[in-house]
Structures are given as structure tokens and as C-alpha cells.
Amino acid sequence: MNDSFEAYAVAVIIVFGAVTIGGLMAATIAFGERDGFLFSLGAGASAWLAGYAIFFDRPRTYMAFLALSIAMSIAATLVFAF
């Protein structure tokens, strides 16, 4: 396994899954938006799984999980904004 793939996978798991989505989760909890929180949780879980798709060298699976995470993040933001 290439070391650069492993470092990139860890970066995706930590940064995208924990920091970015965690902030959206905190905001939706603070304002009592349960649906937004669940979308944020789903986005974090799919971003977490995307990191493992990189570990197992599955680029199409990675793109699917990343697209799902982005869609759920947008949905959580829209629930929070409106």
C-alpha cells in the first residue's frame, strides 16, 4: 500500500469527518434542529467510510461516499438555514 494513500485517508477521516461535520452537528443541536443533526450525522458517517474506501483502494466507492457526504451536508445546512 502506498503511504500517501494512507495519509490522505487519515486526513479525510479526521478533517472532513470530525471538524467540518462536527461544527455543523453542534450548530444544529444548539438551535434544536433534529433533522439537521441527523443529516450531519449521516454526512460524518459517510465521510468516515470514505476514508476506509481509500484504505482498500476503491476509488468509485470513495467517490460515492464523498458525494453522499456532500449531499447530506448541504441538506443539513438547508434545514438549519430555513
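Given the structure is predicted, the values throughout are model-derived calculations rather than measurements. (Residues numbered from 1 in each chain as written. Predicted model: local features only at pLDDT ≥ 70, side-chain atom pairs only at ≥ 80, totals over all residues. Heavy atoms only, no water.)

A. Spatial organisation of the overall build of the protein. Broken down by element type, the protein carries three helices and zero strands. Secondary structure elements of the protein, listed N to C terminal, follow the sequence α-α-α. By the burial criterion, 28% of the 82 residues in the protein qualify as buried. Taking as baseline every contact in the protein between residues at least 6 positions apart, the subset at least 24 positions apart corresponds to 66%. (Helix = DSSP H or I, 4+ residues; strand = E, 2+ residues; numbered from the N terminus. Buried < 20%, exposed > 50% of the residue type's maximum accessible area, 1.4 Å probe, protein only. Contact = heavy atoms within 4.5 Å.)

B. Layout of helix 2 (residues 34–55). Between its first and last C-alpha, helix 2 extends 32 Å over 22 residues, near the 32 Å set by a 1.5 Å rise per residue. Of the positions making up helix 2, those classed as buried are Gly 36, Ser 40, Gly 42, Ala 43, Gly 44, Ser 46, Ala 47, Ala 50, Gly 51, Ala 53 and Ile 54. Where helix 2 terminates, the next one or two residues include Asp 57, which has phi positive at roughly 55°. (Expected span 1.5 Å × (residues − 1).)

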